[in-house]
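Summary of structural features
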Amino acid sequence: MSASDEPIVIVGGGIAGIAAGVRLAEAGQRVMLLETRTKLGGRATSFDDVRTGETIDNCQHVALGCCTNFVDLLRRLAADHLIDWQRAIHWFERGGRSSTIQPSRIAPAPGHLSLDFARARFLSVNEKTAIARAILAMLRAHREEHAGETFGAWLAKHGQPRGAIEKFWEPVIVSACNLACDTVSAAIALHVFQEGFLAHREAPIMGVPDAPLRTLYDGATPIIEAAGGAVRVRTGVASIRPDGVTTSAGESIEAKAVICAVPFERVGALVSPELREIDPRFDQLVGLTHSPILGVHLVFDRPVMTTPNAVLVDAPTQWLFRKNDDGSAVHAVISAADDWLGLGEREVVTRVLADVRTWLNTDAEVRSGRPVMEKRATWAPTPGSEAHRPPAEGPSGIVLAGTYVQTGWPCTMEGATRSGYTAAEALLGTGDRLVLDSLRPQLPVRVLAGAWARGG
């Protein structure tokens, strides 16, 4: 086989690998995508629960309107119709009182959330005033100047009272970054607010998959195969080099180029000491750490949720998502779940049930509960972590893709997509920019019309 006939091999079938493979295939490149699991999606996927026979997601994943590249990838996969866009976020206090915050239909950014924020009942007047001052400071902040400090320190410098942190800042940051305010990088947290909430009126609209996560990726294989490529699942990789890979079964695959799109903790085991010697990116990754997420799938004996989503204000369980029409199936999410790691399933369900009953004011009983702990759900965006995030390209010639690559984003589906698009850019060499700007998200008119009509 001549070098021109060799495929571009992508190791890892998560969102980053899928994004790179789709863009390369669309450009006429022959791609071989290798995934060790039986399905695509990486940590943002689904599995068949042997207890119930149902297909459930490993954890609830959401996108925002500012996730321009992920939305673009869904369109290419013909899966954008599988996202339910919700413009309203519902905040529940202990006892069941709720407030709704959603972008205004007419007010421009950055004031598009101000009216509902002013009416929110879960914050005191003093807390709202303090938060507003901090938001104004964010609009002027250069986030890269704060990479070495925690967001908690930044909030303290801007006079944020404890109530504002616990009831407002913490729920947003923990869910977006998977770390608490006192441990997350201020630069990453500022990014979340600047681009995810303040930059554009569409930016904070929340997209929740209304089909199993793994179905979002069904369109990837036909696109890759149409360009003469292949997607191979159940194919582990033992080692990689710039011109090929060796599978766990001992098969050698020659490649025109190699994209390594596996989680950061696996990269070092795939490269030889010689490659580590010439390419400092591989040793950079040693400084990254993980943060866990706990998802709990609950089915109740009666409806408990009337809203599609719920932020539980100052509760151990941070978010609830309604998973069926009558609100009797619920997915609970606990991000930065280190304190839950040692708990058994029964205790997890008991604790989450107590939160649901208290914050939604219900006495419903649980018919089934299924916790799913992702111990390595995300890399942890701590102060200084940016120094350990490598660029896509390096001296070895191996291209890296994954949420840990330098994208400016935390560990999200948007960050994964951006890294995949960047990897494709590097190999196409056309000078064309594939990564889309997030500061001007453009959700389809039909999406916005549906979200406005539903009122959330």
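Right, let's walk through the structure included here.

Conventions adopted
- Residues numbered from 1 in each chain as written.
- Predicted model: local features only at pLDDT ≥ 70, side-chain atom pairs only at ≥ 80, totals over all residues.
- Heavy atoms only, no water.
- Helix = DSSP H or I, 4+ residues; strand = E, 2+ residues; numbered from the N terminus.
- Buried < 20%, exposed > 50% of the residue type's maximum accessible area, 1.4 Å probe, protein only.
- Contact = heavy atoms within 4.5 Å.
- Areas by Shrake-Rupley, 256 points an atom, 1.4 Å probe, with all protein chains shown as cover.
- Lys, Arg positive; Asp, Glu negative; His and termini not counted.
- Charge placed at Lys NZ, Arg CZ, Asp CG, Glu CD.
- Salt bridge = Lys/Arg side-chain N within 4 Å of Asp/Glu carboxyl O.
- Phe/Tyr/Trp six-rings, centres within 6.5 Å; stacked < 30°, edge-to-face > 60°.
- Lys NZ or Arg CZ within 6 Å of the ring centre and 35° of its normal.
- Core = buried A, V, L, I, M, F, W, Y, C linked by side-chain atoms within 4.5 Å.
- Polar contact = N/O pair within 3.5 Å; in protein donor to acceptor, adjacent residues only side chain to side chain.
- 1 Å grid on protein atoms, 1.4 Å probe; cavity = no way out; pocket = protein on both sides within 12 Å on 5 of 7 lines; lining within 4 Å.
- Points joined across faces, edges and corners; volume = space filled by probe spheres on them.
- Nonpolar A, V, L, I, M, F, W, Y, C, P; charged D, E, K, R; others polar.
- Pairing = 2+ DSSP bridges.
- Axes fitted to C-alpha atoms, helices over the stretch in contact; angles between N-to-C directions.
- Expected span 1.5 Å × (residues − 1).
- Bend = angle between axes of the 7 residues up to and from the residue.
- Parallel < 35°, antiparallel > 145°, perpendicular 65-115°, else oblique.
- Left-handed = near helix turned anticlockwise from the far one by under 90°.

1. Side note on the overall build of the protein chain
- Check the secondary structure of the protein chain and you find 14 helices and 20 strands.
- Overall size of the protein chain, expressed as C-alpha extent along the three principal axes, is 70 × 50 × 45 Å.
- Within the protein chain, the fraction of its 456 residues that count as buried is 57%.
- At a minimum sequence separation of 6, the contacts of the protein chain that also span at least 24 residues come to 70%.
- Total accessible area computed for the protein chain in this model is approximately 18300 Å², and 52% of it derives from carbon and sulfur atoms.
- The positive charge centre, built from 46 side chains, and the negative charge centre, built from 51, are 5 Å apart in the protein chain.

2. Considering the pattern of salt bridges
- Summed over the entire model, instances satisfying the criterion amount to 26 salt bridges.
- Between Arg370 and Asp49 there is a salt bridge whose closest N-O contact spans 3.4 Å. Highlighted residues: Arg370 in strand β19 (residues 366–379) and Asp49 in the loop between β3 (46–48) and β4 (55–57), separated in sequence by 321 residues.
- Judged by relative accessible area, which is 18%, Arg370 ranks as buried.
- On the accessibility criterion, Asp49 (4% relative accessible area) is buried.
- A salt bridge links Arg232 to Glu251, with the shortest nitrogen-to-oxygen separation between them at 2.9 Å. In this pair, Arg232 is assigned in strand β10 (residues 230–232) and Glu251 in the loop between β12 (244–247) and β13 (252–254), connecting sequence segments 19 residues apart.

3. What about the packing of aromatic side chains?
- One pass over the structure, following the stated rule, counts 12 aromatic pairs.
- Relative to Phe193, the ring of Phe168 lies with its centre 6.2 Å away and its plane at 40°, an arrangement referred to as tilted. Here Phe168, found in helix α6 (residues 162–177), pairs with Phe193, found in helix α7 (residues 186–198); they are 25 residues apart in sequence, far enough to count as distant. Residue Phe168 shares its accessibility class with Phe193, and that shared class is buried.
- Taking the centre distance of 6.3 Å and the plane angle of 65° together, the rings of Phe264 and Tyr404 count as edge-to-face. Here Phe264 is found in helix α9 (residues 264–270), whereas its partner Tyr404 is found in the loop between β20 (399–400) and α13 (413–428), with 140 residues between them in sequence.
- Here the basic side chain of Arg351 rests over the ring of Trp340, its NZ or CZ set 5.8 Å away from the ring centre.

4. Focus on the nonpolar core
- Judged by nonpolar contacts, the single largest core of 122 residues is most densely connected at Phe151, Trp169, Phe193, Ile240 and Ile259.
- Each residue touching Phe151, except ones within four places of it in the same chain, is listed here: Met138, Trp169, Ile173, Cys181, Val184, Ser185, Ala186, Ala189, Leu190 and Phe193.
- One finds Val296, Phe300, Val356 and Leu360 within the second-largest nonpolar core, a separate group that totals 24 residues.

5. Some details on the environment of His290
- You can see His290 is positioned in strand β15 (residues 290–300).
- For the pair His290 and Asn309, spaced 19 residues apart in sequence, the C-alpha separation works out to 26 Å.
- Excluding residues within four positions of it along the chain, His290 makes contact with Phe264, Glu265, Lys375, Arg376, Thr378, Trp379 and Ala380.
- In terms of polar contacts, His290 uses its side chain to reach the side chain of Glu265, at 2.9 Å.

6. Observations concerning the layout of surface pockets
- Quantified by volume, the second largest pocket comes out at close to 730 Å³.
- Around the second largest pocket sit 29 residues that line it, and His297, Arg322, Lys323, Asn324 and Ala329 are the ones nearest its centre.
- For the lining of the second largest pocket, the secondary-structure elements that each account for two or more residues are β4, β6 (83–86), β9 (206–209), β15, β17 (319–322), β18 (329–335) and β19.
- Of the residues belonging to the lining of the second largest pocket, the class tally is 11 nonpolar, eight polar and 10 charged.

7. Focus on the sheet that holds β12
- The three strands lie next to each other as β11-β12-β13, forming an open sheet whose pairing is antiparallel. At either margin of the open sheet sits one strand with a lone partner, and together these are β11 (237–241) and β13. Geometrically, the sheet is characterised by an average inter-axis angle of 15° between neighbouring strands, direction not taken into account.
- Pairing of β11 with β12, which is carried by four bridges, proceeds in the antiparallel orientation. Looking at β12, one finds that Val237 is bridged to Thr247.

8. Examining the sheet that holds β9
- Within the open sheet, the three strands sit side by side as β5-β9-β6. Their pairing is antiparallel. Both edges of this open sheet fall to β5 (63–64) and β6, since each of them pairs with a single strand only.
- Inspection of the sheet shows β6 paired to β9 by four bridges, in the antiparallel sense. What sits directly across from Trp85, in β9, is Gly207.

9. Remarks on the side chain of Gln160
- By the element assignment, Gln160 lies in the loop between α5 (151–157) and α6.
- At 2.9 Å, the side chain of Gln160 forms a polar contact with the backbone oxygen of His158.

10. Observations regarding α6
- In a regular helix each residue adds 1.5 Å, so 16 residues correspond to 22 Å; α6 covers only 20 Å between its end C-alpha atoms and thus falls short of that length.
- The largest bend along α6 reaches roughly 45° and is located at Trp169, with the proline Pro171 sitting one to four residues downstream.
- The set of residues buried in α6 consists of Gly163, Ala164, Ile165, Lys167, Phe168, Trp169, Pro171, Val172, Ile173, Val174 and Cys177.
- Looking one or two places after α6, you find Asn178, whose phi comes out positive at around 65°.

11. Considering the packing of helix α1 (residues 15–26) against α13
- The contact between α1 and α13 brings their axes to 7 Å, and the two run at 40°. The pairing of α1 with α13 is recorded here as oblique in orientation. As α1 runs across α13, the sense of the crossing is right-handed. Taking contact as the criterion, the partners of Ile15, Ala16, Ala19, Ala20, Arg23 and Leu24 in α1 are, on α13, Met413, Ala416, Thr417, Ser419, Gly420, Tyr421, Ala423, Ala424, Leu427 and Leu428.
- Looking at the contact of α1 with α13 residue by residue, the classes come out as 12 nonpolar, three polar and one charged.

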